[in-house]
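# Descriptive structure summary
Chain by chain, the residues:
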Number of protein chains: 2
Amino acid sequence: MSVEIICVGTELLLGDILNSNVQFLAKQLASLGIPHYYQTVVGDNPTRLQEIIKIASQRASILLFTGGLGPTPDDLTTETIAQFFQTPLIEKPEIIEDIRQKFAQRGRIMTDNNRKQALIPQGADILPNPSGTAPGMIWQPLSNLTIMTFPGVPSEMKRMWAETAVPYLKSQGWGQEVIYSRMLRFRGIGESGLAAKVNHLFASTNPMVAPYASLGEVRLRVSTKAASEAEAMTIIEPVAQEIKKIAGLDYFGQDDDTLAEVVGKLLRDRQENVSVAESCTGGGLGAMFTTIAGSSDYFLGGVIAYDNQIKIALLGVNAEDLKKYGAVSEVIAQQMALGVKQRLGTSWGLSITGIAGPGGATDNKPVGLVYISIASPDGNVKTIESRFGETRDRDSIRFLSGCTALDELRRKLLNR
Amino acid sequence: MSVEIICVGTELLLGDILNSNVQFLAKQLASLGIPHYYQTVVGDNPTRLQEIIKIASQRASILLFTGGLGPTPDDLTTETIAQFFQTPLIEKPEIIEDIRQKFAQRGRIMTDNNRKQALIPQGADILPNPSGTAPGMIWQPLSNLTIMTFPGVPSEMKRMWAETAVPYLKSQGWGQEVIYSRMLRFRGIGESGLAAKVNHLFASTNPMVAPYASLGEVRLRVSTKAASEAEAMTIIEPVAQEIKKIAGLDYFGQDDDTLAEVVGKLLRDRQENVSVAESCTGGGLGAMFTTIAGSSDYFLGGVIAYDNQIKIALLGVNAEDLKKYGAVSEVIAQQMALGVKQRLGTSWGLSITGIAGPGGATDNKPVGLVYISIASPDGNVKTIESRFGETRDRDSIRFLSGCTALDELRRKLLNR
């Protein structure tokens, strides 16, 4: 007993649109606890669509279709499904009436090609579309097979899903048990490094533990099926706690937490504030801090010191040191962090100076070399030398620089 | 002779991530003129993956796989493919050496689970991954079937596609007739407004003209199929020129041009430079400028004046005016732009102050109200009052504020 999602549309095969419908439906199925093993995309081609229906109806018991319900000649999902099950199409007068009214509301006359949308297979029920003209259907062509169709327009599909499909699926006994999960977020450790540390947990089937990696972050998803969130958490929490203990300071937050948010909370709790001095990130670190609504409580501002003259004039960096050590150096990073902390009068000062590339490298300073300094309330400065790797692109190096600055501040705040 | 895309990953079935890889590959196949009729998504499950390989290898001659190449136990694309074709896996020492070096560059030790990524089927070629640890493969297990595998990380997959897969496909005779296109980019006009102006061109089938809209930008794609770029451009260019003429200053660039790049070129040509004073964007405008490599030629830096005290101390904003007009006002935006221009000694000064929300609105200052000032070399200041709408979220308002500042500077630079 499982669901298969089938998306119909040549525009998907041409890459003209991003298939966000399938992600929405997948998430919904997961949260309802409905197993779902395959997603298929096929063009507006009846022969190939029939092939897909044949394959899918052998391996799934509910087929969800999106796309191909509209009024134009290339919309042929409904008629192809009917043909496959050798069932005649019936014109539903209530659909025609509904479409006519929607046109009238918008001050338009219904054109004749819209009648096509009123045809559904004999025996199928209408799945109403409150916001658009093309309705879907719920149909059981075989005793062990249910078909549901939705238009491709995301807003229409989502509303029909919530208002009609979910109540229907629940009435069929689905959604009694739902998948709950906790996403744990880590920084400062790679996917393979973290996996090696928690390897013994991957064999667990309840809860399941699965790793994910993206730029600047590794995640572990701990999930289980349960009748309620409270019940799920009794299964998830012990394992989540064990992982947090193993990961130590490399764990930074869970679910929707971001580094900027976590750091912001720590600063707010301590009634401290921060300013930034940015060279290669050009304002990116400030932008990260201020992504968070309410960040004005602890983020005062900073200096974008892209040019060396600005480092001297606005941050008090020593001109001779600039010549001697170069802008990308521990000495200058320190002076920038202290300079911004002092001039803006904040508890903490963060600085970033590095080579984001692709140009600017020298023999002993490769692309990806970045110095990040943290000036503490007591006036001490810690500097991190990061080498993000010459193979990374400019955007990634700048992004990772900002993440590292936030993360190092987080560790400092937690470690005091 | 056609391609099938197979994406492997339980995270796709759970809806945890949006499948942007498949859109990228679909677009690439379309532009190379390679037919592609099906896309399939399957979880990290060897039995089901084998089923998919069986079906796909009967209806396509090239199978493109993404995902499941990493070091963790649930990464099993390569071994499942090898099993299906009953071929042993061979450990490639050159891959292990490459992974070891990548870990060393980042100052880490390669954990043992990484060795898994060095196993590829006997007879397969390595598809190198310059930016990540998991390489892919190109393999012809049957005379009429080619398999190519890519990691799921989009940046790695895209680079491998461009650097290795495309040359390979071209060497196999694909891409003789290719779809060439010119993307024209617009700002300051909506999709329907632009569409109404160029409506007569949408009926054209050669070249085809299609509109696209995204946050802060409208695009028109002018495309045609041809044997060479030169031939394509004789068909595309006359229409592109007509569109540019119709759009006037609302047209800002083509293909991969960004606003920041276009503005940067204009500044460089005029040997002028710019500084920024940012409140609600918190560094985002500076980050946009410095996305462009070489932006140090014309971007000197700026002040992130998130807190009002910083506006006074570092930009010379008048404390009484701040009280009288509020930080989000034309008067303060002007003083910020003039202040940063003067203190950093640049030709131009740009400022942004606004309410990004969700909090901070007052009766006469709604969320989305943003003032953007441009101080010119002659000392004049122009201020734009933008209302980005109360329904937009914080990120969008901040992004649109940065785009508008860049765009207004572009218009100023072109209009002098």
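Residues numbered from 1 in each chain as written. Chains lettered and ligands numbered in written order. Predicted model: local features only at pLDDT ≥ 70, side-chain atom pairs only at ≥ 80, totals over all residues. Heavy atoms only, no water.

### As for the pairing of strand β11 (residues 217-226) of chain A
All names here are of chain A. The element β11 is largely enclosed, with a buried count of 9 among its 10 residues. Pairing analysis gives 9 bridges linking strand β9 (residues 178-186) to β11, with the strands arranged antiparallel. By the bridge assignment for β11, Leu184 is matched with Leu220. As judged from the 7 bridges shared by strand β10 (residues 208-214) and β11, these two strands associate in the antiparallel manner. Counted as the bridge partner of Val209 is Val222 from β11. Remark: 2 residues form the turn of the hairpin made by β10 and β11, two consecutive strands paired antiparallel; Gly216 in that turn has positive phi of roughly 85°. (Buried < 20%, exposed > 50% of the residue type's maximum accessible area, 1.4 Å probe, protein only. Helix = DSSP H or I, 4+ residues; strand = E, 2+ residues; numbered from the N terminus. Pairing = 2+ DSSP bridges.)

### Examining the interface of chain B and chain A
Across the contact, 73 residues belong to chain B and 76 residues belong to chain A. Of the roughly 5800 Å² buried between chain B and chain A, counting both surfaces, carbon and sulfur atoms make up 57%. Linking chain B with chain A are 1 salt bridge, by the criterion used here. Between B:Asp16 and A:Arg221 there is a salt bridge, with the nearest N and O atoms lying 3.0 Å from each other. There are 33 residue pairs in polar contact (both at pLDDT 80 or more) connecting chain B and chain A. Across the side of chain B that touches chain A, the residue classes break down as 32 nonpolar, 26 polar and 15 charged. Taken together, the 5 bridges between strand β2 (residues 36-42) of chain A and strand β2 (residues 36-42) of chain B define a ladder with antiparallel strand orientation. When the sheet's bridge partners are listed, A:Val42 is paired in β2(B) with B:Tyr38. (Contact = heavy atoms within 4.5 Å. Buried area = accessible area lost by both parts, 1.4 Å probe. Salt bridge = Lys/Arg side-chain N within 4 Å of Asp/Glu carboxyl O. Polar contact = N/O pair within 3.5 Å; in protein donor to acceptor, adjacent residues only side chain to side chain. Nonpolar A, V, L, I, M, F, W, Y, C, P; charged D, E, K, R; others polar.)

### Thoughts on the sheet that holds strand β17 (residues 381-387) of chain B
Pairing in this open sheet of 10 strands is mixed, and the strands run β17(A)-β16(A)-β15(A)-β13(A)-β14(A)-β14(B)-β13(B)-β15(B)-β16(B)-β17(B) from one edge to the other. This sheet does not close on itself; its edge strands, each paired only once, are β17 (381-387) of chain A together with β17 of chain B. The average angle at which neighbouring strand axes cross in this sheet is 15°, direction not considered. Sheet topology note: the strand β13 (residues 274-278) of chain A/strand β14 (residues 299-305) of chain A ladder contains 5 bridges and is parallel. Counterpart to A:Ser275 in the pairing with β14(A) is A:Gly301. Together, β13, β14, β15 (348-354), β16 (369-375) and β17 of chain A form the strand contacts of helix α13 (residues 330-344) of chain A, whose direction differs from that of β15(A) by roughly 145°. (Axes fitted to C-alpha atoms, helices over the stretch in contact; angles between N-to-C directions.)

### Some details on helix α3 (residues 46-59) of chain B
Here α3(B) is 14 residues long and its end C-alpha atoms lie 20 Å apart, about the 20 Å a rise of 1.5 Å per residue gives. Residues B:Leu49, B:Ile52, B:Ile53, B:Ile55 and B:Ala56 constitute the buried set of α3(B). For α3(B), the elements touching its buried residues are β2 and α3 (46-59) of chain A together with β1 (3-8), β2, β3 (62-66) and α4 (77-84) of chain B. (Expected span 1.5 Å × (residues − 1).)

### Comments concerning the UniProt feature "domain: MoaB/Mog" (unreviewed entry) in chain A
Per the UniProt record, "domain: MoaB/Mog" (unreviewed entry) is found at residues 4-172 of chain A. With 41% helix and 23% strand, residues 4-172 of chain A has end C-alpha atoms that lie 17 Å from one another. (UniProt positions renumbered as here; feature names shortened; annotations may be inferred.)

### Re the packing of aromatic side chains
For the structure on display, the rule yields 12 aromatic pairs over all chains. Centroid distance A:Phe299 to B:Tyr306: 5.6 Å. Interplanar angle 65°. Geometry classified as edge-to-face. Of this pair, A:Phe299 sits in strand β14 while B:Tyr306 sits in the loop between β14 (299-305) and α11 (308-315), which puts the two residues in different chains. For A:Phe299, a relative accessible area of 0% translates into the label buried. A connected cluster of aromatic rings, assembled from ring pairs, spans A:Phe84, A:Phe85 and A:Trp139. In this structure, A:Arg59 is placed above the aromatic ring of A:Tyr38, and the distance from its NZ or CZ to the ring centre is 3.8 Å. (Phe/Tyr/Trp six-rings, centres within 6.5 Å; stacked < 30°, edge-to-face > 60°. Lys NZ or Arg CZ within 6 Å of the ring centre and 35° of its normal.)

### Description of the sheet that holds strand β9 (residues 178-186) of chain B
Residues and elements named next belong to chain B. An order of β10-β11-β9-β12 is seen for the 4 strands of this open sheet, with the pairing classed as antiparallel. This sheet does not close on itself; its edge strands, each paired only once, are β10 (208-214) and β12 (251-254). Direction aside, the axes of adjacent strands within the sheet are offset by 25° on average.

### As for the nonpolar core
Counting 78 residues, the largest nonpolar core has A:Phe289, A:Leu409, B:Phe289 and B:Leu409 as its most contacted members. If sequence neighbours within four positions are ignored, B:Leu409 has contacts with B:Val263, B:Leu267, B:Val274, B:Phe289, B:Trp348, B:Leu350 and B:Ile374. By size, the runner-up hydrophobic cluster in this structure holds 28 residues, among which are A:Ala327, A:Leu344, B:Ala277 and B:Leu314. (Core = buried A, V, L, I, M, F, W, Y, C linked by side-chain atoms within 4.5 Å.)

### Description of the domain arrangement of chain A
Examined at the domain level, chain A breaks down into domain 1 (3-171), domain 2 (178-254) and domain 3 (259-415). Between the C-alpha centres of domain 1 of chain A and domain 3 of chain A there is a distance of 52 Å. (Domains from an automatic or database assignment.)

### Considerations on the environment of B:Gly354
Residue and element names in this part refer to chain B. Along the polypeptide, Gly354 turns up in strand β15 (residues 348-354). For Gly354, a relative accessible area of 12% gives the class buried. The sequence separation of Gly354 and Ile109 amounts to 245 residues, and the corresponding C-alpha distance is 47 Å. The contact partners of Gly354, leaving out residues within four places of it in the chain, are Cys280, Val328, Leu369 and Val370.

### Regarding the environment of A:Pro358
Checked against the element boundaries, A:Pro358 lands in the loop between β15 and β16. Residues A:Pro358 and A:Gly368, spaced 10 residues apart in sequence, show a C-alpha to C-alpha distance of 9.1 Å.

### Some details on helix α11 (residues 308-315) of chain A
Residues and elements named next belong to chain A. Those residues of α11 that fall on the buried side of the exposure criterion are Ile310, Lys311, Leu314 and Leu315. Across the axial projection of α11, the buried residues extend over an arc of 105°, all falling on one side. Between the side-chain oxygen of the N-cap and the backbone nitrogen of Gln309 there are 2.9 Å, and the N-cap of α11 in question is Asp307. At the C-terminal side of α11, Gly316 shows a positive phi close to 70°. (Arc of directions from axis to C-beta.)

### What to know about the pattern of salt bridges
Counted according to the given criterion, the structure contains 31 salt bridges over all chains. Measuring nitrogen to oxygen at the nearest pair gives 2.9 Å for the salt bridge that ties A:Asp250 to A:Arg411. One end of the pair, A:Asp250, is in the loop between α8 (229-247) and β12 (251-254); the other, A:Arg411, is in helix α14 (residues 394-415), and 161 residues separate them in sequence. You'll find A:Asp250 and A:Arg411 in the same group, each marked buried. Between B:Asp297 and B:Arg268 there is a salt bridge, and its shortest N-O distance comes to 3.0 Å. Placement of B:Asp297 in the loop between α10 (284-290) and β14 and of B:Arg268 in helix α9 (residues 259-269) is noted, with a sequence separation of 29 residues between them.

### What about the side chain of B:Ser329?
Residue and element names in this part refer to chain B. Among the secondary structure elements, Ser329 is positioned in the loop between α12 (319-325) and α13 (330-344). Since its relative accessible area comes to 6%, Ser329 is described here as buried. At 3.3 Å, the side chain of Ser329 forms a polar contact with the backbone nitrogen of Ile332. Setting aside chain neighbours within four positions, we find Ser329 in contact with Thr353, Lys365 and Tyr371.

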